Amino acid sequence: MDSSHGKLRMNEESDRLSSLPDDLIHKILSFIDIKEAIGTGVLSPRWRFIWTSLPYLDFSSLDLSIKGFYKLPKFSKFVTNVLSRRNNLSEVYSMKVRIRVKKSLLFVKRILKYAFSHNIQHLDVVFELEDASDSLLSLFSSQPLKHLGLTMEFEPGHRYCFNSCFASTPGLPTLTTLDLSYVNPDNVDKCIIFISKCANLKDLTLKDFNRLALLRSNGLSIFHPQLSNLTLERIDFGGVVNIDASQLKNLTIMYCDAKFVISAPVLASLLYKGYSPLALSTDGFHILEKADICFPCRQDADIHRIVCQLQLLHNVKFLTLNIGIVELLSSSKDLILQQPSPFVNLKSLKIFPETICPFVKSKKAPKKVTTMSTKVKSYLLGGSPRSTLTMVLSEEVLAQKLMDEIRVCLEKENDIFDTCRAHLERGKTPEESHGPKKLESGGNMVQIQSGWKDLVEQFQRREENSCLVISKLESIQELLTKLPESNRAKIQPCLSSLCAEARTAISRRW
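Going by an unreviewed UniProt entry, the protein carries the name F-box domain-containing protein and comes from Deinandra increscens subsp. villosa.

Dropping the structure here:
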């Protein structure tokens, strides 16, 4: 009785899913691997051809070594097969491609030409090529692209560049988002000229530019009247970065060894994380809403420079600092006593524990600082007596991090459970589920053994994942015992909900 009721319920759920319009099913399929999306074609006649009009193509999630695509010919054959079987009348809204093999430029061009012929708007390409200096970007001209992401992966000792690409590309007038990572242009100026030609650009991300090229260009200058969001990460050359953007609202600077000269009159949010205090010169942030400043605490830090930088943020309303900055201010009380409190519009001040830079090894543990000296408190809050002060403890940060990790584990748990249940219900191997195969003598036994081996591996993965979830929950409980009751009360509701979700996921039976 229970079994028949369960099957009826599963059929009803399946029917509800099948009754959704194609665009919603496409959105659902965009969150799974493209091979699995194609596999849904065996569910019913309704699903047989849905994937062929899928507007979201992701070839970057394919693990080349695990799924048999380590060699370019196999990967190329798979991608070509997918594209040839697609509904040729369906447009491609977004595409992600990851190429980890060499000598693949012609293959990349072939994929891009297909995408452009189907009016693609979002494109992300991650690849390693022997010769990336060919005019790859020339293919992009006059295309209706709105988002473009280019990331280079290269072997140690090798460096590839897009120099000629930037030189030969007239710009992309429809582009609103550009993300360049590890592209290493030999001529930074030509790259910046290319960016300036993207007249409607709103979001720009630059990561890991060539240090020598930056030095040859005497720095980096970004002038763009339409730019709204800018992220600079690991721009290390010790020179000057000039930013002149009249519409810039959000600026993120991550681990950059440079001096910044900024003209951004409508800047609303500033996020800085680095190895040392921010070297900043500006004509003022007049409507700054939020600032998050974090760098390691060092005894040789220039405290006068830190105080000057804080004064540049005088209009900020929501300020976040790490405890190292507070400690440095405490060590120089005479200096801050000579200065009035700079923050006249402050509504909220949060102090986080010391954050260790991910690129710098350190054995220094986060300090448990729960109080602030009266003089430092007066300096930071004296100009806004109604502002609130929150001291975030290291245990709270670690507990939140562990809860985020548990959520990832639970998502993995659901995927493993669904895979195992599907194998058990079908009584087939994953290969059989995509259609019958012609087997040679003894092939049935080999296939059965392969299926059992895969199923056993899935069970082992589920057990390991469940143990990991339990271990993390126990670690959180231990952290909570070290927190004051008021701090525990903030975390406990979220943790209780997470525990219930974990209990349900782990206790499920087949």
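Still to come is the rest of the account.
A. Quick look at the overall build of the protein. Within the protein one finds 15 helices and 17 strands. Here the protein, with 510 residues, has 45% of them falling under the buried criterion. In the protein, once contacts between residues fewer than 6 apart in sequence are set aside, the share between residues at least 24 apart is 66%. When the accessible surface of the protein is summed, it comes to about 26,900 Å², and 53% of that surface belongs to carbon and sulfur atoms.

B. Expanded view of the pattern of salt bridges. One pass over the structure, following the stated rule, counts 7 salt bridges. Note that Glu-289 is salt-bridged to Lys-317, the shortest N-O span being 3.2 Å. You can see Glu-289 sitting in the loop between β13 (280–282) and β14 (290–294) and its partner Lys-317 sitting in the loop between α9 (303–311) and β15 (318–322), a full 28 residues away along the chain. Classification of Glu-289 as partly exposed rests on a relative accessible area of 31%. Salt bridges linked by common partners bring Lys-207, Asp-208, Glu-233 and Arg-234 together as one network.

C. Layout of unusual backbone geometry. Despite not being glycine, Arg-234 shows a phi value in the positive range, around 55 degrees. Residue position: Arg-234 is located in the loop between β8 (229–233) and β9 (240–244). We note that Tyr-255 has phi near 50 degrees; this positive angle belongs to a residue other than glycine. Counting through the fold element by element, Tyr-255 comes out in the loop between β10 (250–254) and β11 (259–263). Look at Tyr-255 and you get buried, because its relative accessible area is 8%.

D. Inspection of the nonpolar core at higher detail. If you look at the biggest cluster of nonpolar residues, it comprises 101 residues, and the most contacted ones within it are Phe-59, Met-95, Leu-232, Phe-260 and Leu-380. The element that contributes the greatest number of residues to this core is helix α5 (residues 105–117), accounting for 7 residues. By size, the runner-up hydrophobic cluster in this structure holds 19 residues, among which are Met-403, Ile-406, Leu-495 and Ala-505.

E. Structural context of the pairing of strand β7 (residues 220–223). Side chains of β7 alternate between two faces, with Leu-220 and Ile-222 buried and Ser-221 and Phe-223 left unburied. When β7 meets β9, the two strands line up parallel, connected through 4 bridges. In the strand pairing of β9, Leu-220 is matched with Val-241.

F. How the structure looks around α5. A rise of 1.5 Å per residue sets the reference length of α5, with its 13 residues, at 18 Å; its end C-alpha atoms lie 18 Å apart and thus fit the reference within 8%. Three or more residues of α5 are buried, namely Leu-105, Phe-107, Val-108, Lys-109, Ile-111, Leu-112, Tyr-114, Ala-115 and Phe-116. Downstream of α5 by one or two residues, Asn-119 has phi in the positive range, about 60 degrees.

G. Structural detail: the environment of Ala-199. Structurally, Ala-199 is set in the loop between α7 (188–197) and β6 (203–207). Given the relative accessible area of 43%, Ala-199 is considered partly exposed. Expressed as a C-alpha distance, the spacing of Ala-199 and Leu-172, which sit 27 residues apart in the sequence, is 7.7 Å. Those residues in contact with Ala-199 that sit more than four places away from it in its chain are His-224 and Gln-226.

H. Up close: the sheet that holds β9. With parallel pairing, the 4 strands of this open sheet are ordered in space as β7-β9-β11-β13. Among the strands making up the open sheet, the edge pair consists of β7 and β13. For this sheet, the mean inter-axis angle between neighbouring strands, taken without regard to orientation, is 10 degrees. Here β11 runs beside β13; their pairing, made up of 3 bridges, is parallel. Residue pairing for β13: Val-261 is matched across the bridge by Ser-281.

I. Inspection of the packing of α9 against helix α10 (residues 323–330) at higher detail. Between α9 and α10, the least distance of the axes is 10 Å, while the angle of their chain directions is 115 degrees. Viewed along their axes, α9 and α10 form a crossing whose handedness is left-handed. Here Ile-303, Ile-306, Val-307 and Leu-310 of α9 come into contact with α10, specifically with Ile-325, Leu-328 and Leu-329. Among the residues forming the contact of α9 with α10, the class breakdown is 7 nonpolar, no polar and no charged.

J. Focus on the pairing of β8. Two strands pair when backbone bridges link them, and β6 and β8 are joined in this way by 5 bridges, in the parallel orientation. Each bridged residue has a counterpart across the sheet, and for Asp-203 the counterpart in β8 is Asn-229. Summarising the sheet, β8 and β10 pair through 5 bridges and their orientation is parallel. Within β10, the position partnered with Leu-232 by the bridge is Ile-253.

K. Fine view of α9. Taken together, the buried positions of α9 are Ile-303, Ile-306, Val-307, Gln-309 and Leu-310. Down the axis of α9, the sector holding all buried residues measures 160 degrees, keeping them to one side.

L. Focus on the side chain of Glu-233. As for its placement among the helices and strands, Glu-233 is situated in strand β8. Glu-233 sits in the buried class, given a relative accessible area of 16%. A distance of 2.7 Å separates polar atoms of two side chains, one belonging to Glu-233 and the other to Arg-234. The residues contacting Glu-233, other than those within four sequence positions of it, are Leu-206, Lys-207, Asp-208, Met-254 and Cys-256.

M. Representation of the confidence of the model for the protein. This prediction gives the protein a mean pLDDT of 77; 73% of its residues lie at or above 70. Across residues 64–68, where pLDDT falls below 50, the model places 9 contacts with residues more than four positions away in sequence or in other chains. Between residues 356–369, whose pLDDT stays under 50, and residues either more than four places distant or in other chains, the model counts 21 contacts.

Rules used in this analysis
Residues numbered from 1 in each chain as written. Predicted model: local features only at pLDDT ≥ 70, side-chain atom pairs only at ≥ 80, totals over all residues. Heavy atoms only, no water. Helix = DSSP H or I, 4+ residues; strand = E, 2+ residues; numbered from the N terminus. Buried < 20%, exposed > 50% of the residue type's maximum accessible area, 1.4 Å probe, protein only. Contact = heavy atoms within 4.5 Å. Areas by Shrake-Rupley, 256 points an atom, 1.4 Å probe, with all protein chains shown as cover. Salt bridge = Lys/Arg side-chain N within 4 Å of Asp/Glu carboxyl O. Core = buried A, V, L, I, M, F, W, Y, C linked by side-chain atoms within 4.5 Å. Pairing = 2+ DSSP bridges. Expected span 1.5 Å × (residues − 1). Axes fitted to C-alpha atoms, helices over the stretch in contact; angles between N-to-C directions. Left-handed = near helix turned anticlockwise from the far one by under 90°. Nonpolar A, V, L, I, M, F, W, Y, C, P; charged D, E, K, R; others polar. Arc of directions from axis to C-beta. Polar contact = N/O pair within 3.5 Å; in protein donor to acceptor, adjacent residues only side chain to side chain. pLDDT = per-residue confidence, 0-100.

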